[in-house]
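Notes for the structure review
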Amino acid sequence: MEAGTPAELSGVKAHQLAIQYLEPLLSPVALEPTGNLEAPWRIYLFGAGAIARLHAAAAKKLDRYQLFAADPSNEARESFSKAFPHAKVFEDAEVMLASSPAQDRDIVVVAVPPWLHHSAALASIRSKRHVLCEKPVALSQAELDDLLAAARNTGRHFGDCSVRFLCNDALGRAREIVSSGGIGSPYHARLVNRNPRIRPGIEFQPESKWFLDKTQAGGGISFDWGVYDLSMLFDVLRPVAVHVHHAYTAAPPTGADPPDCNITVESHVGAAMSLELENGATVALDFERASGFHGESQSILNVDGSTGGLSWEWCPPFENDSVQLMHYVDVAGKVDKRLEQFPAFGWDEVHGRPLLAFVDLVAGRDSVILPARRLAFNYAVLLAIYQCAADGKPIDVHLKS
Ligand SMILES: NC(=O)c1ccc[n+]([C@@H]2O[C@H](COP(=O)([O-])OP(=O)(O)OC[C@H]3O[C@@H](n4cnc5c(N)ncnc54)[C@H](O)[C@@H]3O)[C@@H](O)[C@H]2O)c1
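Residue indices follow the written sequence of each chain, beginning from 1 at its first position. Reporting of local features is limited, given that this is a predicted model, to residues whose pLDDT is at least 70; pairs of side-chain atoms are given and counted only at 80 or more, and all residues count toward the totals for whole chains, interfaces and linings.

1. Focus: the overall build of the protein
Test applied: Numbering of helices and strands runs from the N terminus; a helix is a DSSP stretch of H or I covering at least four residues, while a strand is a stretch of E covering at least two. Field definition: a residue is buried when 20 or more other C-beta atoms are found within 10 Å of its C-beta, exposed when 12 or fewer are, and partly exposed for counts in between, with C-beta atoms placed from the backbone. Any two residues are considered in contact once their C-beta atoms, placed from the backbone, lie within 7 Å.
Scanning the protein from N- to C-terminus turns up 11 helices and 15 strands. Taking the principal axes of its C-alpha atoms as reference, the protein extends roughly 95 × 60 × 40 Å. The 401 residues of the protein split such that 41% are buried. For the protein, long-range pairs separated by at least 24 residues make up 69% of all intrachain contacts whose partners lie at least 6 apart in sequence.

2. Quick look at the sheet that holds strand E4 (residues 106-110)
Put simply, the rule reads: A pair of strands is considered paired only if DSSP assigns at least 2 bridges between the two. Inter-axis angles, ranging from 0 to 180 degrees, are taken between N-to-C directions of lines fitted to C-alpha atoms, where helices are fitted over the stretch in contact.
Here we have 6 strands laid out as an open sheet, ordered E3-E2-E1-E4-E5-E6, and parallel in their pairing. For this open sheet the edge positions go to strand E3 (88-90) and strand E6 (158-160), each flanked by a neighbour on one side alone. The average undirected angle you get between the axes of adjacent strands in this sheet is 20°. Inspection of the sheet shows E4 paired to strand E5 (residues 130-133) by 4 bridges, in the parallel sense. Residue pairing across strands places Val108 opposite Val131, the latter belonging to E5.

3. Regarding the site of the ligand
We apply this condition: Whether a residue is near a molecule or strand depends on its C-beta atom, placed from the backbone, lying within 6 Å of it. Under this grouping Gly is polar, as are all residues other than the nonpolar Ala, Val, Leu, Ile, Met, Phe, Trp, Tyr, Cys and Pro and the charged Asp, Glu, Lys and Arg.
Around the ligand, a shell composed of 22 residues is seen, among which Gly47, Gly49, Ala50, Ile51 and Ala76 lie nearest. For the shell around the ligand, the per-class residue count stands at 14 nonpolar, 5 polar and 3 charged.

4. Structural notes on the UniProt feature "domain: GFO/IDH/MocA-like oxidoreductase" (unreviewed entry) in the protein
How we decide: UniProt positions are given in the numbering used here, feature names are shortened, and annotations may be inferred rather than shown by experiment.
Mapped onto this structure's residue numbering, the UniProt feature "domain: GFO/IDH/MocA-like oxidoreductase" (unreviewed entry) falls at residues 173-310. In this annotation, residues 173-310 is assigned 20% helix and 37% strand; the end-to-end C-alpha distance for the span is 11 Å.

5. Structural notes on the nonpolar core
Let me state the cut-off plainly: In this usage, the nonpolar core is the set of buried Ala, Val, Leu, Ile, Met, Phe, Trp, Tyr and Cys residues whose C-beta atoms join them within 7 Å. Boundaries of every domain are those given by an automatic assignment or by a domain database.
In this structure, Leu45, Phe46, Val109, Val110 and Ile385 are the most contacted members of the largest nonpolar core, which totals 107 residues. For this core, the element with the most residues is helix H11 (residues 372-391), which contributes 11 residues. If you count residues domain by domain, this core takes at least three from each of domain 2 (37-156) and domain 3 (169-398).

6. Some remarks on the UniProt feature "domain: Gfo/Idh/MocA-like oxidoreductase N-terminal" (unreviewed entry) in the protein
Under the UniProt annotation, "domain: Gfo/Idh/MocA-like oxidoreductase N-terminal" (unreviewed entry) lies at residues 42-156. Between the end C-alpha atoms of residues 42-156 the distance is 15 Å, and the span holds 43% helix and 20% strand.

Set out below in structure tokens:
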């Protein structure tokens, strides 16, 4: 018998030898951290359009994942497959969801136009998978309540993408300054973002005309960007109630309006609100957001308090590779500006944030995905702005316990 053959070796030696021979074969798996030994994340994209491609790009940051996408449009499927050749692509989302039994690490991302969010999210929840829905999460409070109830019954997670801008360390620092009394008692905030010509469906992503149709989009700039505005500001101030005193919406016509298309969504929204904070403080909020109007671009964010003020950056691009937060205090009768800087982030991180944060949630890690009551509250405030603009009556929204 040849020396070193198994019959001649002790158990330990045989094991060591086996490892030595097998190591080159096993190394791609063995080198990965322990977490990777779990099943891969399976990401199912319900819709393969513009935002689905950005979710798919975000999935690349996961250690191990498989990608699926469904879209009835040939063009969308072809362009998706070209960008993500390893993805399994379906024409029918129901067929995709039924293609294999649900697993614990399955996530469906609802990336279709808003009028389809409810039916798509419901089908996805019923497939017993975790569901991340694009914003606006629904077209009505009833739709959202239905989705939250359905998700509760399956015990799977449900979240939305309004958290896209919560990848910003300046927000946590601003919250800390406010809650530790760094600006005294906050009494006023202003959040204004006016861009005269960036309407989706016209100047931005002109191929997606559904953005201009209220029956499909649910609303205009308020549902498109107001969602992020409130989610970002409320992440810092954490209001427990909002009173919408006055609101308006408008869609000023422009020479760039497509002649063959009836625009039924607003491109300018504003509201006078007051926020009731957990500590009882009342903060008057001037809110304005526009993607189409006749004037100058403007971008303002201030929180004013009895002993100080705050402003911070939250939307890329950032100058000098840093996000700036300015804390204003009174020193001997003069305004003293204290600059704090945080790591900058780009659009890739903004677009990737919802999926990666949702993965954190499903994996049991800290996550910025809004819990159901916050999601319902923020969404109710957006609806209250629309309602107040429509009938001129003030509306109160309370955070449910
Ligand atoms: N485009 C952006 O920059 C952006 C950013 C953030 C969020 N969103 C949100 O993402 C969602 C989708 O927007 P988009 O820009 O990707 O739109 P899009 O028009 O680029 O893509 C939507 C896709 O959904 C597909 N679709 C329609 N019915 C379907 C069905 N039954 N099953 C599967 N697919 C179907 C369409 O064929 C289309 O390819 C919207 O809720 C939007 O508000 C978009």
